[in-house]
Amino acid sequence: MASVPPPPNDPPPTLGSRLLRKERRVVAGLDPQQLIKYFFGANSSIAIIVLVLIMAFLLREGAGFLTTYRHELEVYRQAGLEFCDLADRPLQHQRVLANALRRALSIEMDPLTKSARERRDAAFLLKASVEEKTSASRADLEHALEQTPPPAADSLVHLREVVKQKTTAAAAAAEYPDLFTSAEKSRLQNELSELSPEVSDLPPFLQSLIAEYSTQDQAARSKFAGIISTGELFEEATDPVVEVLDELKAHATETKEQATEYFTLKAGRQQLLDAAATATDPERKAALLAEAEASQSDGVNFGERIESILMRREELISKLQEYCTALEAAFKEMPEQSTTAEATALVSEVRHAIPGHLGEIHQAVENLKNWKWDAPVAFYRSLGAFFFGTEWITNSSWQDFFGFVPLLAGSVVISIIAVLIATPVSVVAAIYTNQFASDREKEIIKPVIEFIQAIPSVVLGFIGISLVGNLIKDFSEISWLQWIPGFPIQERLNMFNAGCLLAFMAVPTMFSLSEDALNNVPRAYIDASDALGATKLQTVFRVIVPAGISGILSAILLGLGRVVGETMVVLLVAGNRIAVPDFSAGLGVVFQPAHTLTGIIAQELGEVSRGSSHWQALFMVGIVLFGISLLVNWCARAVARRFEPHKA
Amino acid sequence: MSADSPAIATPPPVVQVRDMDFCYGASQALFDINLKVEYHRVTALIGPSGCGKSTLLRCVNRMNDRVTGARVTKGEVLVKGKNIHHADVDLTQLRKQVGMVFQKSNPFPKSIYENVAYGLRIHGEKSKSVLDEAVERSLTHAALWEELKDRLHANALALSGGQQQRLCIARAIATLPDVLLMDEPCSALDPISTLKIEELMHQLAKEFTVVIVTHNMQQAVRVSDYTAFLHLGKLVEFAPTEELFTNPREKLTEAYLRGTFS
Amino acid sequence: MTPAPTTDNPFAGDNSGIQKRETAARWALRIGSHIVVFTTLAIMLHIFVKGAPVVFQSKWPFVNTQFLTKLPATLHVIEDKQGHRIETDVNGADAVKKKLGDDFRSEKTVSYSGGGILGPIVGTALLVVVSVGVALFLGVACAIYLSEYAKHGKFLETVRLAILNLAGVPSVVFGLFGLGAFVLTAPVFVDVPADRSVLAIPLGFTTLSFEGWDTCVLSGGFTLAFVILPVIITASEQCLQAVPQGFRETSMALGATRWQTIRYSVLPFATPGILTSSILGIARAAGETAPIMFTAALAFKDKLPWQKDMPPLPTDASIFAHWEQSVERFLGIFTESVQALPYHIYTIAAKIPQNEYSERAQYGSVFVFLVLVASLATSSILLRKRLRAKYRW
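Model, not experiment: these values are computed from the prediction.

Before going further, it helps to spend a moment on the overall build of chain A. Along the backbone of chain A there are 25 helices and two strands. Whereas a compact globule of 648 residues would reach a radius of gyration of roughly 26 Å, chain A reaches 38 Å, over 25% beyond that. If one aligns the C-alpha atoms of chain A with their principal axes, the spans along those axes are about 150 × 80 × 70 Å. Relative to its 648 residues, chain A shows a buried fraction of 46%. Put simply, 77% of the contacts in chain A that link residues at least 6 apart link residues at least 24 apart. Only carbon and sulfur atoms are counted for the fraction: they give 58% of the accessible area of chain A, which is about 32500 Å². Each charge sign in chain A was given a centre, from 57 positive and 76 negative side chains, and these centres are 10 Å apart.

What follows is the structure in structure tokens.
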């Protein structure tokens, strides 16, 4: 009987047991599978972390703005700058009005002096062009004449000959406009042929033209003596006020400079003290403390310095009141009617503005009376001055203002233009591509529009400068298009130009997302509509587009987000004028230059020192931009959800 | 093989299919179909999956046109005596008069009212009173009016499955079509909803001519006056329903009805 | 009652107006969409017509090699008395003036418009390498979690929301973030922490000081990485999702762990797609200007990143010293500011007076830039198409 062999204690390793490792490795008390999972999990929160970090860093650099700005506004008040500005604001308005009057005058005088002026200008232009054409030989002759010792006589003769020849040729070649009679033309040509660098007197005909103009000018002036004297009185009326104000301003500026110096020293000293507190080396600590001690300076006694301004408060007020009387007197002499409609409009505009202007002055007087240098600046004031301030003035010798409105207005107007242009185009393209286009057309349209996304924004900005700006400008000068408000445009780089390019940039986003939305419309809806006998167009506009409307709206919003956040195009193309657009120009406002939220950061951040109020203001703008982008995203999601049809 | 037309055919048929072949690209789906559909009758198309019954149904309102390569290669389809493939047939007019209800209910994501009024609106009806009237009439026909008259402006997608399908029927009959095509209208519904729709079908036959595709033989028995049995793209037998189910003439039909189908 | 069959056509179109309106609307839609295509092509054509002559030439080797291999420099235009104009660089100007002697009339200098654009090209390449490296690492890891590990829930929703929002943050805000985070705060090892250091952790032999990397390739690259991160995450996740669920189930059924499944049954099939999509990220990173304005870019630099002045080593210097210097040289590439193509274009388009010479430099740079970016984008699109055809599960 064969004995059964005892089962082996160690079963021979089979393939299976070798593959299936029973024991689990443990690393640092954790299963490696878990570790891997945690690694990826931690990575997945990267987007959240980055968002939080963005907010944190923006706040770190920008949140100090409110205190800094408040402090600056405090100094602005205490040093008396605010006091001066109270009186200065209405005077600035006065300058605008005076300009309007001056313009009205020149419009009035223009028809009377126009012919003489044009003749004079044309003659001088001809002279300049002849001189320009012969400039090389003239320069040679001048050069020779200046030489010491003078060059040989015959070489001079030769040079003179050359000048003479060229001048004659140029004078003959010049085109004489029909402003001159034929006799005058030949006289002019003769005199121009005589031009030489050695004769400094003007040719007699030109002199007579100048005389002609001045006679006509005199005549016109005497005719419009009324308006001229009003204008002059109006302009002179401010002189006494300005005189006082300038002295006050100088004093205030000086106070402010002292204050700035003091605060800089103080901050430096604080740094030294801080360093001393942490320094471990006793020797270094002593040195730091000594340095801090040395930089000790007296504070500025605002109360004392403001006295010399306040002393003159009554004087300034009385001057202002005198100005009011002078103003009223000046406008009594103003003629009621002007000869041209345009001038009448301007003059009546000024006339209508006068009561408001007087009111402004009275208000200013009231404000001056009630002004207290030591009234505290409330914290919300700096916030309000940022969010509602209409001036963004930096690096000013007077006072920096960080008002957010001009930038916001620029961004908003540009975004509106861009969305208004991009929406119809991209939605139409999406509908056409999705519903009507043949496969071959699809294969062209889709990649081309996708390709737009790859064009770097700086390239588009460059296109705006080099191509689109000129196109718009040329277009605006076409005579039969003059009914469009704002034409002809003044600036090549303006909000409309930027808006067009941003629209182009927004098209791919809007197009792809809208097309997705249309694609997602269930096939069954189309079947149902077709079976009811709807035409293709009816199906598209009554069923497919309404069913995809939430997607389309959210695509438009996301496109808007792209437009608001775009930097390079607006920086290059928007014209970078920091001012609230003049909405009184109606729709023509779109052809004005402006600055934007994004553009201002890109343009100015490189040039300011860290921690200054300007730096902090730019980060504040960044915070607002970040907020806007989150808001737009939130809206896009909300819209997508709000209009989403109930799932069947 | 073609079936004889029923004996009672005194009025001309509303739909007549003559010797029709139908192809999807290179593959032929229907062979030599002959079929006559009488006014105000319910005609059922039955047959195993893929036999071409849906294709045949879709030939009647030319819904197959949208499939690239799909075309009638021989014969003709007459609706109201007119060859619907003739060049002067306006597709929208044809479909206005030949309504269709699909397998899966597909109301638009609009209000109940707008769903029903849709067909009239696209055919140019603007008058509010006409639309109101049509909506009420269609919903009443579809046995929905009592349930829904208080919430006509609620979203149609909020309705239950059976209600949605009846809404689709209401939508299809709002334009007063002569023929109503139904492509397995109950296949996605629960038994109670199915019952309601079957009841509806008898009512509808009073006003319209109904052609219904169904995979459910009992349903064909319950609702139809005539039944056509298709197999592999061929019309095997076409007869009054009772006759076809009690006394099939073809062996193939008999085998299918008994369930001993190879 | 049964209506009698009509002999005339019961399905006649009731009026032809509908048909006309249909056609008109179709054409309006078509024209609308073709406007976009036309505008795009017109812009491309404009840049090509104006830019190609700068880069290509009619003589062999047909490419203006100077433009592609030289650093940007100031252009000197010297005019002689005959009105001939001679273009040269700063070194050549004196020689030309000497040669002309009395014939010399005037000299004009145009900043940045001479030389070539090698510096900006190299700088952009470096920025792209850093940013895509960082973004791929973070993005793919994030995508793997989202696609393979994450369960539906609050966390996943928050992550998705964050990715969406991150994609919408304006690029200039990323610039501010990069400035605050990398230029001014990121940690470095130094011996003596600077005054501005936020936090200094002494480590004995050195100090880990949060004082920032200053403006350099690293700062710019990291900033750009976060700009393109959402693109990379979304694209990678799509590629992972496209791998059929069956692959994973088969692998799991064979007893593989989750990680083994990902490593051997998912990633190999998703990698080509991920890499292809990341090309789109490269194009995006190369094209951004605002994020690098304050973090990496310089308007002008007369050296390439690796041309750094180093004290000459003594002849008997050890291998170690040589090695150390090479390492320092290599690191120096990443710790210095560079020129970058988009910023270069901004500089020559907006910061210098415009004339015919600057225009030439502008169009040349724009052309090269656009060709680079466009070929990247196009190749990404084409590759994606091919991949889709190849991996059709």
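Our next topic: the interface of chain C and chain A. Taken together, the contact pairs 80 residues of chain C with 75 residues of chain A. When the buried area of chain C at its contact with chain A is split by residue, C:Leu29, C:Leu176 and C:Phe177 rank highest and sum to 10% of it. Here chain C and chain A share one salt bridge between them. With a shortest N-O distance of 2.9 Å, C:Arg30 and A:Glu441 are connected by a salt bridge.

All names here are of chain C. Taken in spatial order, the three strands make up an open sheet running E2-E1-E3, and their pairing is antiparallel. Edge positions in the sheet fall to strand E2 (85-88) and strand E3 (104-115), since each of these pairs with one other strand and no more. Each neighbouring strand pair of the sheet contributes to a mean axis angle of 20°, computed without reference to strand direction. In this sheet, E3 lies alongside strand E1 (residues 72-80) in antiparallel orientation, the contact comprising eight bridges. Counterpart to Ile78 in the pairing with E3 is Glu107.

Turning next to the pattern of salt bridges. Within the structure shown, the criterion is met by 33 salt bridges over all chains. Measuring nitrogen to oxygen at the nearest pair gives 2.8 Å for the salt bridge that ties C:Glu148 to C:Arg248. Residue C:Glu148 is found in helix H4 (residues 118-149), and its partner C:Arg248 is found in helix H8 (residues 245-253); the two are separated by 100 residues along the sequence. Considered together, C:Glu148 and C:Arg248 belong to a single accessibility category, that of buried residues. Residues participating in the shared-partner salt-bridge network are A:Arg60, A:Glu61 and A:Arg610.

With that settled, the discussion passes to the domain arrangement of chain A. Annotation of chain A at the domain level lists domain 1 (25-63), domain 2 (86-252 + 319-374) and domain 3 (405-643). On a C-alpha basis, the centroid separation for the pair domain 2 of chain A and domain 3 of chain A is 44 Å.

Let's shift gears to the nonpolar core. Core analysis: the biggest nonpolar cluster contains 244 residues, and A:Ile54 and A:Leu605 have the highest contact counts within it. Filtering out sequence-adjacent residues up to four positions away, A:Ile54 remains in contact with A:Phe626, C:Leu166, C:Val169, C:Val173, C:Phe174 and C:Phe177. Counting 45 residues, the second-largest nonpolar core is a separate cluster that includes B:Ile46, B:Leu131, B:Leu144 and B:Leu152.

All right, on to the sheet that holds strand E5 (residues 200-202) of chain C then. All names here are of chain C. Read across the sheet, three strands follow the order E4-E6-E5 without closing on themselves; strand pairing throughout is antiparallel. Two strands lie at the open edges of the sheet, namely strand E4 (187-190) and E5, each paired on one side alone. The average undirected angle you get between the axes of adjacent strands in this sheet is 20°. Bridge analysis of E5 against strand E6 (residues 207-210) gives three bridges, and the strand direction is antiparallel. Following the sheet pairing, Ala200 is matched in E6 by Ser209.

All names here are of chain A. Two numbers describe how helix H4 (residues 65-78) lies on helix H25 (residues 613-642): the axes approach to 9 Å, and their chain directions differ by 135°. By the criterion of interaxial angle, the relationship of H4 to H25 is oblique. Crossing hand, H4 versus H25: left-handed. Here Phe65, Leu66, Thr68 and Glu72 of H4 come into contact with H25, specifically with Ser613, Gln616, Ala617 and Met620. In the contact of H4 with H25, the residues fall into four nonpolar, three polar and one charged.

All names here are of chain B. Among the five residues in strand E8 (residues 209-213), five count as buried, and that is most of the element. Across four bridges, the pairing between strand E3 (residues 42-46) and E8 is parallel. In the sheet register, Ala44 faces E8, and the bridge partner there is Ile212. Of the strand pairs in this sheet, strand E7 (residues 179-183) and E8 are connected by five bridges, and their pairing is parallel. If you follow Leu180 over to E8, its bridge partner there is Val210.

What describes two packed helices is the angle between their axes and the distance between those same axes. Residues and elements named next belong to chain C. In the contact formed by H4 and helix H5 (residues 154-168), the axes pass within 11 Å of each other and the chain directions differ by 140°. Taken together, the axis directions place H4 and H5 in an arrangement best described as oblique. For the pair H4 and H5, the sense of crossing is left-handed. Contacts from Cys142, Tyr145 and Leu146 in H4 reach Phe155, Leu156, Val159, Arg160 and Ile163 in H5.

Here we come to a nonpolar patch on the surface. Nonpolar side chains collect at one region of the surface, where C:Phe189, C:Val198, C:Leu199, C:Ile201, C:Leu203 and C:Phe205 lie side by side and expose about 640 Å² of accessible area between them. Considering the arrangement of structural elements, one finds C:Phe205 in the loop between E5 and E6.

Here we come to unusual backbone geometry. For residues besides glycine, phi is generally negative; the peptide bonds are generally trans as well. Residues and elements named next belong to chain B. Its identity is not glycine, yet His40 carries a phi of approximately 55°, on the positive side. Its location among the elements puts His40 in the loop between strand E2 (27-37) and E3. One non-glycine residue, Ala143, lies in the positive phi region at around 55°. As for its position among the elements, Ala143 is in the loop between helix H4 (128-141) and helix H5 (145-148).

This paragraph deals with the side chain of B:Asn115. All names here are of chain B. Examined against the element boundaries, Asn115 turns out to sit in helix H3 (residues 112-122). Take Asn115: its relative accessible area is 1%, and that puts it in the buried class. When neighbours within four sequence positions are excluded, Asn115 is seen to be in contact with Pro107, Phe108, Lys110, Ala156, Leu167 and Arg171.

What follows deals with the pairing of E7(B). On a regular strand, one side chain projects to one face of the sheet and the next to the other, so that they alternate. Residues and elements named next belong to chain B. Within E7, five of the five residues are buried, leaving the element largely enclosed by the surrounding structure. A two-sided burial pattern is seen for E7, the buried positions comprising Val179, Leu181 and Asp183 on one face and Leu180 and Met182 on the other. As defined by bridge partners, strand E6 (residues 98-101) adjoins E7 across four bridges and the pair is classed as parallel. The residue bridging Val98 from the neighbouring strand is Val179, located in E7. The β-α-β motif built from E7, the intervening helix H7 (residues 191-207) and the parallel element E8 has right-handed crossover chirality.

Residues and elements named next belong to chain A. Side chains of Glu232, Glu236, Asp239, Glu243 and Asp246 sit close together on the surface and give a patch of like negative charge. For the negative patch, the secondary-structure elements that each account for two or more residues are helix H10 (225-236) and helix H11 (239-278). With three residues, the single largest contributor to the negative patch is H11. Locating Glu243 in the fold gives a position in helix H11. On the basis of relative accessibility, which here comes to 54%, the residue Glu243 falls in the exposed class.

Reading the values: rules and limits
Residues numbered from 1 in each chain as written. Chains lettered and ligands numbered in written order. Predicted model: local features only at pLDDT ≥ 70, side-chain atom pairs only at ≥ 80, totals over all residues. Heavy atoms only, no water. Helix = DSSP H or I, 4+ residues; strand = E, 2+ residues; numbered from the N terminus. Rg over C-alpha atoms; globule rule 2.2 N^0.38 Å. Buried < 20%, exposed > 50% of the residue type's maximum accessible area, 1.4 Å probe, protein only. Contact = heavy atoms within 4.5 Å. Areas by Shrake-Rupley, 256 points an atom, 1.4 Å probe, with all protein chains shown as cover. Lys, Arg positive; Asp, Glu negative; His and termini not counted. Charge placed at Lys NZ, Arg CZ, Asp CG, Glu CD. Buried area = accessible area lost by both parts, 1.4 Å probe. Salt bridge = Lys/Arg side-chain N within 4 Å of Asp/Glu carboxyl O. Pairing = 2+ DSSP bridges. Axes fitted to C-alpha atoms, helices over the stretch in contact; angles between N-to-C directions. Domains from an automatic or database assignment. Core = buried A, V, L, I, M, F, W, Y, C linked by side-chain atoms within 4.5 Å. Parallel < 35°, antiparallel > 145°, perpendicular 65-115°, else oblique. Left-handed = near helix turned anticlockwise from the far one by under 90°. Nonpolar A, V, L, I, M, F, W, Y, C, P; charged D, E, K, R; others polar. Patch = residues over 30% accessible without salt bridge, like charges linked within 9 Å, V, L, I, M, F, W, Y side chains within 5 Å. Right-handed = clockwise from strand over helix to strand, strands pointing away.

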